[in-house]
Amino acid sequence: MTISMRFLKGYFHMKEYDCWLQGGFKAALKAELLAAIRAEEGGVPDKGTDAAILRQAAVELRDGLLKRFGVRAVLSGEPGESGIFLGRASWFLERYGERLPEIGGPGGFHIGVSEDRVVIAGTDAAGTLYGVFRFLALLALGEIKPGSAITESPAVSFRALNHWDNIEGTIERGYAGGSLFFKDGEARYDAERLCDYARLLASVGINVLSINNVNVRTSSKLITEDCLPQVAAIAGIFRPYGVRLLLSVNFSSPEVIGGLDTSDPLDPKAAAWWKERAALVYRYIPDLWGFLVKADSEGEGGPFQYGRTHADGANMLAAALQPFKGECVWRCFVYDCAQDWRNTAFDRARAAYDHFKPLDGQFADNVILQIKHGPYDFQVREPVSPLFGALTKTRHTMEFQITQEYTGQQIDLCFLPWMWQDVMAYDTGYGAKVRELLGSGGKGSPSASARGGLEGLAAVANTGLDNNWTGHTLAQANLYGYGRLCWNPALGAEEIAREWCGLTFGPGKTARVVREILLASYPAYQKYNAPFGVCFMVEPRHHYGPSIEGYEFSRWGTYHRAGREAIGVDRTGKGTGYSGQYPPAIAAVFDDPKRCPEDVLLFFHRLRYDFRMKNGKTLLQNIYDTHFEGYDEAEAMLAKWQTLENALPAAVYQSVRERLERQLVNAREWRDQVNTYFYRHTLIPDEQGRKIYA
Ligand code: GCW
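All values reported here derive from a predicted model rather than from experimental measurement.

It is at 9 Å that the axes of helix 5 (residues 191-203) and helix 6 (residues 228-238) come closest, and there the two elements cross at 50°. Between helix 5 and helix 6, the interaxial angle falls into the category oblique. Crossing geometry of helix 5 relative to helix 6 is assigned as right-handed. Taking contact as the criterion, the partners of Ala191, Leu194, Cys195, Tyr197, Ala198 and Leu201 in helix 5 are, on helix 6, Ile234, Ile237 and Phe238. Its residues assigned to classes, the contact of helix 5 with helix 6 comprises nine nonpolar, no polar and no charged.

This is the structure we're talking about:
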C-alpha cells in the first residue's frame, strides 16, 4: 500500500474561487479503497431534510474525491466488502450489525480507516456530511492513513454566520464586492454560486445563516409574500448542506409593513401581528432558525420607544416563533449613540452589561442573546465583555466580526484567529475560561432551553461577489478559521493557519511561507493601530485608516481624551466604574495598571506618558516603538510574499501583492500620524532618534 503523501507537481494550480477546497492533491490511500462509496443514502426514502443531507454527503464525497484527488469513485447503495462506507451510526448498526465508537452530540462523526474499508459515520445526517468534509480535508493534509480513527463533534449547536447584506445589493461593511443574495431591491442570486457557498460553509460546520443586514431598513419586506418565495428558494439551496436560514427582522415591522400604529411589545395588536407573520413565514420556510433582531441601537426601533424592556421585546417575538420551534436571536449591541463628549462620567463600554444583566432570567426559553465579544465594537483589541460568565439564566451567544471593518477592510491582512484565540482563553473569573463556557449549554436540539449556557458563536461574514469571495484572498483564512473555531474553540491560531495554508496552497514551502505571513499579520496590525487598547482612532464613517481625533468630539461615545500629559479613560472604580462589572478578582487585575494586561492598558486607565511599562520603558516610548515595529513588520510581510512570485499563479500572486502594498501605505500613515500626534503633545523625542514628523 502506498501511504506516501505526494503533491501532484504541475497539477496543483491554486484557484482563488475554490478557497480551502482546492484540487490537485494526491490521496495517500490505495485507489481500490476509494473506488466505491457504499452510502446509506441509497436506502433512505427520498424525502425530508435528512435524506437530502445524506444524499448531499454522498455526492460531496464522490465529487470531492474526483475534483480534489482525481479519484473516480462509484456511488452505490449496495452492501460490499471494501470501499468507503458512509451513513449514520444507526445505519451501520442496522445494516452491518456494527457498533461504532461513541461519537457524542449532534453533528458529530467517526472516521475509521482499515486496510480495506473507510468508515464515515455521523450521529445524524449533518454529522455524516461533516464527516465527509473532514475526511477530504484530512486526506488533503496527508493525515489519513490505514489505522486512522477520528471522532469529533461540534462544541456548540449554534454556529452562525451573519450577513449585513442590503436588498439593494450592497453590503454594510462589506469589502468583497456586492451581495451574494440580493440585487436591485429583491432577492436575486446565482444559484450555482450559492451552492458553492453552502458547500464552503458546511465544510467548516457552519449551520445557521442570516442573509440580510441587522439594520433591516428596506429588507423589512423580506417577510412579505412579495419576497418569501425567493427567500424560501434560498433556504432550499442551503438545506441539503445542513445550513438553516435566520432572518433579520425590523422590530418596527408592525408599523413599517403591517400598517399598524404601534410596535409596542405589550400591545396585543403588535403581538398578534407578529404571530400571524411568523405563521406566514414558516409556511414558506418550515425549518427557519428564527429571527435576528437589532433593536434600540443606532437608529433602529425597539422596546425603549414604548418604555418597555428588551425582555418585553424579545419575548413578544419569541412567543410568535415558539409554535414553530423558532428562536429569537436578540442582539445586545444596545447603547446610546447620542453622547456629549464633554460628559466624562458617561461610558459607552458599560452599556451591554447595564442593559442586560438586570434582565437575566426574564427571557423566554427560545430567546438567545447575541453579545459582541468586547464591550465596544470589534476593535483590534478590547477586553472580553463582562457579560460572559455573568449571565446565568439566559441563553446566549458570542458575536465576532469576520468582515474587517476596524481591522483593515480586507486591504490589510489581519489574521483574526489570533484575537479569537485570546478571547477563548480569557478567564471570566466565574470558574471558567470562555472556551469552557462554550458548549456548557445548548447541547441537544437547537431549540432546547439551556438556561445560562454560552451555547454558540455568531460572526459577521466577510464574503461577497468577488471571484475570491473575500476581496483579499488571504482573508479566506478568517472565514475558515471562524468555522473551525465554532467547531472546536480550543483550536489555536497556529493550528488553524497550518490547516488552512495546507488546504489552500498544498503541501510544501508555499504553504509554510504563507503561514508565516498570516501569523505575523495580526500582531503587526495591532502594533500600528490605536495603542494599547485605547481604540477608535479611525477615520469616521468608513473606518479605514487613522484619524487620531476622528471620534474625539463626536456623539458616538468613544473617546481617548489624550492631552499633553496623559491619555486614556479611567474605567476603574475611581473612574467610570466599568471594571466593577467584572468579578472582584478580575476587576482587581484590570484596576491595577501594573497588573493589567498591557494590550488593554489604555482601555482601563488614564495614564501619564511617563508611566513605566513592564519592559521598563515609558508608555510614550512604547507607543513609538510599537508603531515603528508595526510598519516594519508589514514591510517584512510584503517582502516575504515577494519570494513566492514563481510559486503561484500570476493572478493570485499579483492580487495579494497589490493588497500588501496598499497595507504598507496604510501602516505608514498609522505609524506617522500616531507618532507625530504624541510627539506634538509631549515634545519628547524618540529614544532611538527615528524619524518622527514634527
Ligand atoms: O460597528 C458598527 C458598525 C455598523 C453596524 C453595527 C452593528 C450593522 O459600524 O455598521 O451595523 O456595528 O453591529 O449593528
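From this point on, the discussion continues.
Before going further, it helps to spend a moment on the domain arrangement of the chain. What the domain assignment lists for the chain is domain 1 (16-152), domain 2 (158-491) and domain 3 (528-569 + 606-682). Inter-centroid distance (C-alpha atoms) of domain 2 to domain 3 is 30 Å. Contacts between the two partners involve 30 residues from domain 2, matched on the other side by 28 residues from domain 3. At the boundary of domain 2 with domain 3, total buried surface from both sides reaches about 2,500 Å², with 55% on carbon and sulfur atoms. On the surface where domain 2 and domain 3 come into contact, there are zero salt bridges. Linking domain 2 with domain 3 are 15 residue pairs in polar contact (both at pLDDT 80 or more). Taken together, the residues of the side of domain 2 that touches domain 3 break down into eleven nonpolar, ten polar and nine charged.

Ranked by internal contacts, the top residues of the largest apolar core, which has 227 residues, are Leu65, Phe135, Phe238 and Trp330. Take this core: its biggest share by element is twelve residues, from helix 4 (residues 125-140). When near neighbours in sequence (up to four residues on either side) are disregarded, phenylalanine 238 contacts Phe181, Leu194, Tyr197, Ala198, Leu201, Leu209, Val243 and Leu245. Counting residues in hydrophobic clusters, the runner-up holds six residues, among them Phe92, Leu100, Val119 and Ala121.

Neighbouring the ligand are 15 residues; Glu172, Lys294, Lys372, Asp377 and Glu405 lie closest to it. Here asparagine 215 contributes a side-chain N or O atom positioned 3.1 Å from an oxygen atom of the ligand. Here glutamate 405 contributes a side-chain N or O atom positioned 2.6 Å from an oxygen atom of the ligand. Relative to its unbound accessible area of 340 Å², the ligand is 97% covered by the protein chains. Comparing atom positions with the cavity grids shows the ligand to sit within the second largest pocket.

So, on to the layout of surface pockets. Each pocket or cavity is described by its volume, and for the second largest pocket that value is around 370 Å³. Around the second largest pocket, the lining comprises 22 residues; the ones closest to its centre are Arg173, Glu298, Glu405, His543 and Trp556. Considered class by class, the residues forming the lining of the second largest pocket number eight nonpolar, three polar and eleven charged. Viewed by domain, the lining of the second largest pocket spans two of them, domain 2 (158-491) and domain 3 (528-569 + 606-682), each represented by three or more residues.

Take unusual backbone geometry next. Its identity is not glycine, yet arginine 217 carries a phi of approximately 40°, on the positive side. Note on placement: arginine 217 falls in the loop between strand 10 (208-210) and helix 6. For histidine 543, which is not glycine, the phi dihedral falls at a positive 70°. Here histidine 543 is to be found in the loop between helix 15 (509-528) and strand 17 (566-567). By relative accessible area, histidine 543 is classed as buried at 5%.

Two residues of an α-helix separated by three or four positions point the same way, owing to the 3.6 residues in each turn. Along helix 6, the residues classified as buried are Leu228, Val231, Ala232, Ile234, Ala235, Ile237 and Phe238. For helix 6, the secondary structure elements touched by its buried residues are strand 9 (186-187), helix 5, strand 10, strand 11 (244-248) and helix 8 (268-284).

Let's shift gears to the pairing of strand 1 (residues 36-39). The side-chain alternation of strand 1 yields two buried faces, one formed by Ala36 and Arg38 and the other by Ile37 and Ala39. Relative to strand 2 (residues 74-76), strand 1 is paired through three bridges, and the arrangement is parallel. Within the sheet, the bridge partner assigned to isoleucine 37 lies in strand 2 and is leucine 75. Here three bridges tie strand 1 to strand 3 (residues 83-88), and the two strands are oriented parallel to one another. Looking across to strand 3, one finds that isoleucine 37 is bridged to isoleucine 84.

What counts and what doesn't
- Residues numbered from 1 in each chain as written.
- Predicted model: local features only at pLDDT ≥ 70, side-chain atom pairs only at ≥ 80, totals over all residues.
- Heavy atoms only, no water.
- Axes fitted to C-alpha atoms, helices over the stretch in contact; angles between N-to-C directions.
- Helix = DSSP H or I, 4+ residues; strand = E, 2+ residues; numbered from the N terminus.
- Parallel < 35°, antiparallel > 145°, perpendicular 65-115°, else oblique.
- Left-handed = near helix turned anticlockwise from the far one by under 90°.
- Contact = heavy atoms within 4.5 Å.
- Nonpolar A, V, L, I, M, F, W, Y, C, P; charged D, E, K, R; others polar.
- Domains from an automatic or database assignment.
- Buried area = accessible area lost by both parts, 1.4 Å probe.
- Salt bridge = Lys/Arg side-chain N within 4 Å of Asp/Glu carboxyl O.
- Polar contact = N/O pair within 3.5 Å; in protein donor to acceptor, adjacent residues only side chain to side chain.
- Core = buried A, V, L, I, M, F, W, Y, C linked by side-chain atoms within 4.5 Å.
- Buried < 20%, exposed > 50% of the residue type's maximum accessible area, 1.4 Å probe, protein only.
- Near = heavy atom within 4 Å.
- Areas by Shrake-Rupley, 256 points an atom, 1.4 Å probe, with all protein chains shown as cover.
- 1 Å grid on protein atoms, 1.4 Å probe; cavity = no way out; pocket = protein on both sides within 12 Å on 5 of 7 lines; lining within 4 Å.
- Sits in = over half its atoms within 2 Å of the grid points.
- Points joined across faces, edges and corners; volume = space filled by probe spheres on them.
- Pairing = 2+ DSSP bridges.

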